[in-house]
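Summary of structural features
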Amino acid sequence: MEEFKSFFSDGVLGCDDLENLFREIDTHKTNNLDTGELCTYFSKHLGAFKEIFGAVEDMNKSISKALTSTSQVYPKSSFMEQFTIRFLMREILNQMAALQRPVEAASDAIDENAVTERGGVPQAMQTESSRPAGVVPGRVARRARRQLSTQTSMPEGSGPLTAQIERLRNLVDKLENKVNFEGISEEQVDIQNEQTMILVRRQLAVNEEHDKAFRDSLRKYIEGSNITDGCLHLSVRTYSGSNMFVLYEMWEDQDAWKGHSSSSLAKSFQHSNIDNLETPEQLTTMPIPSSWWKRDE
């Protein structure tokens, strides 16, 4: 009886309430409850929670299956596939935590209302010596478990959903700490002496009525740029079903790009674009380590 009171005491029921509950569950009249009697009693009162418990059981099976499969597949996956697996697991973790929060809030609110309504009824009190280790009654237990779950490993008595969330969290942490950087070199340079080349991206939306004029102007610009000092590479991309052109230019350094930008060739191309484009040109630049270009020569 004392163990029963310690386990089911929720800060609301009094000693008499718990004793009456014990006698109601003890259908065998043995003064000792077994799991069958407990299951029989609570299964009669599942109501709307029956489907939830069934879903939690299915979720446990699905998560165990997924974790087992992931532990086998992850080490053999590509760099980006491993990223995708970690992202999906974090998203599952967030979704499960989101499901847990409203249930906890509703449970706490119900407990507080029950305590207020039964303010004049003595609550069951248990001494530390009679309470099984790790058992804390009612909403105090839930709050203690939530606090501990963010600081340490899972405490005894945590629900299956919380346990699965913690399993996911631990696995995600392990996977993120095992990212494979093989094949990725780390270059250490003096920031004052770093040499960079300039990648220029120019997005051009051409007016269909001026397509021929634009192509003629672009051809002259490319031919002139290719023989300009400091120009390493030029490339043009078009997109089927659209009038979009993207011009990529690689320049030896910032000075080479600035000098070219102020040249008569560049200004002539920009001037023709005023008439040939539907919208203003979108131009972006990005510095890139010069060693990358030299390495691939």
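Keep in mind that what you see is a predicted model, and the values were worked out from it rather than measured.

**Re the overall build of the chain**
What the chain contains, in helices and strands, is 11 helices and 4 strands. Split into buried and exposed, the 297 residues of the chain put 28% on the buried side. Counted over contacts in the chain with a minimum sequence separation of 6, partners at least 24 positions apart contribute 69%. Total accessible area computed for the chain in this model is approximately 20000 Å², and 54% of it derives from carbon and sulfur atoms.

**Let's talk about helix H9 (residues 254–261)**
Among the residues of H9, Ala256, Trp257 and His260 are the ones counted as buried. Seen along its axis, H9 keeps its buried residues to an arc of 95°; they face one direction. Residues of H9 that are exposed and angled more than 90 degrees away from the buried face: Asp255 and Lys258. In this structure, the buried side of H9 is in contact with strand S1 (196–205), helix H8 (211–226), strand S3 (244–251), helix H10 (264–276) and strand S4 (282–289).

**Thoughts on H8**
Helix length check: H8 (16 residues) gives 22 Å between terminal C-alpha atoms against 22 Å at 1.5 Å per residue, within 8%. Considering only its buried residues, H8 is in contact with S1, strand S2 (231–238), S3, H9 and H10.

**Re the packing of helix H4 (residues 49–73) against helix H5 (residues 79–117)**
For the pair H4 and H5, the least separation of the axes is 13 Å and the interaxial angle reads 160°. Here H4 lies roughly antiparallel to H5, going by the angle between them. Crossing of H4 over H5 shows left-handed handedness. The residues of H5 that touch H4, namely those facing Met59, Ile63, Leu67 and Thr70, are Ile85, Met89 and Met96. In terms of residue class, the contact of H4 with H5 is made up of 6 nonpolar, 1 polar and no charged.

**Concerning the pattern of salt bridges**
Within the structure shown, the criterion is met by 5 salt bridges. For Asp211, the salt bridge goes to Arg215, with nearest N and O atoms at 3.0 Å. Of the two residues, Asp211 and Arg215 are both situated in helix H8; the distance of 4 residues between them amounts to about one turn of the helix. Exposure remark for Asp211: the relative accessible area of 27% places this residue in the partly exposed category. One salt bridge in this structure joins Arg219 and Glu223, with 3.6 Å as the shortest N-O distance. Of the two residues, Arg219 and Glu223 are both situated in helix H8; the distance of 4 residues between them amounts to about one turn of the helix. On the basis of relative accessibility, which here comes to 46%, the residue Glu223 falls in the partly exposed class. Through salt bridges with shared partners, one network takes in Arg202, Glu249 and Glu281.

**Looking at the packing of aromatic side chains**
Scanning the model with the defined rule gives 5 aromatic pairs in all. On the numbers, 4.9 Å between centres and 65° between planes, the contact of Phe214 with Phe245 is edge-to-face. Here Phe214, found in helix H8, pairs with Phe245, found in strand S3; they are 31 residues apart in sequence, far enough to count as distant. For Phe214, a relative accessible area of 0% translates into the label buried. On the basis of relative accessible area, Phe245 is assigned to the buried category, the value being 5%. For the pair Trp251 and Trp257, a centre-to-centre distance of 6.2 Å together with 50° between the ring planes defines the contact as tilted. On the accessibility criterion, Trp257 (10% relative accessible area) is buried. Each residue in the set Phe214, Tyr221, Phe245 and Phe269 is aromatic and connected to the rest through ring pairs, giving one cluster.

**Brief notes about the packing of helix H2 (residues 15–25) against helix H3 (residues 35–43)**
Between H2 and H3, whose axes approach to 9 Å, the crossing angle comes to 105°. By the angle class used here, H2 and H3 are roughly perpendicular. Between H2 and H3, the contacting residues are Leu21, Glu24 and Ile25 on the first element and Glu37, Leu38 and Tyr41 on the second. Grouping the amino acids of the contact of H2 with H3 by side-chain chemistry returns 4 nonpolar, no polar and 2 charged.

**Digging into the confidence of the model for the chain**
Residue-level pLDDT values for the chain average 77, and 74% of them are 70 or greater. Low pLDDT (under 50) marks residues 126–158, which in the prediction has 42 contacts with non-local residues, meaning those over four places away or in another chain.

**Describing the pairing of S3**
Burial of S3 is extensive: 6 of the 8 residues sit out of reach of the surface. As paired strands, S1 and S3 are joined by 8 bridges and run antiparallel to one another. Bridge pairing in S3 links Gln203 to Val246. In terms of strand pairing, S2 meets S3 through 7 bridges, oriented antiparallel. Across the sheet, the residue bridging to Leu234 is Glu249, located in S3. Taking the residues between adjacent antiparallel strands as the criterion, S2 and S3 are bridged by 5 residues, where Gly241 takes a positive phi near 80°.

What counts and what doesn't
Residues numbered from 1 in each chain as written. Predicted model: local features only at pLDDT ≥ 70, side-chain atom pairs only at ≥ 80, totals over all residues. Heavy atoms only, no water. Helix = DSSP H or I, 4+ residues; strand = E, 2+ residues; numbered from the N terminus. Buried < 20%, exposed > 50% of the residue type's maximum accessible area, 1.4 Å probe, protein only. Contact = heavy atoms within 4.5 Å. Areas by Shrake-Rupley, 256 points an atom, 1.4 Å probe, with all protein chains shown as cover. Arc of directions from axis to C-beta. Expected span 1.5 Å × (residues − 1). Axes fitted to C-alpha atoms, helices over the stretch in contact; angles between N-to-C directions. Parallel < 35°, antiparallel > 145°, perpendicular 65-115°, else oblique. Left-handed = near helix turned anticlockwise from the far one by under 90°. Nonpolar A, V, L, I, M, F, W, Y, C, P; charged D, E, K, R; others polar. Salt bridge = Lys/Arg side-chain N within 4 Å of Asp/Glu carboxyl O. Phe/Tyr/Trp six-rings, centres within 6.5 Å; stacked < 30°, edge-to-face > 60°. pLDDT = per-residue confidence, 0-100. Pairing = 2+ DSSP bridges.

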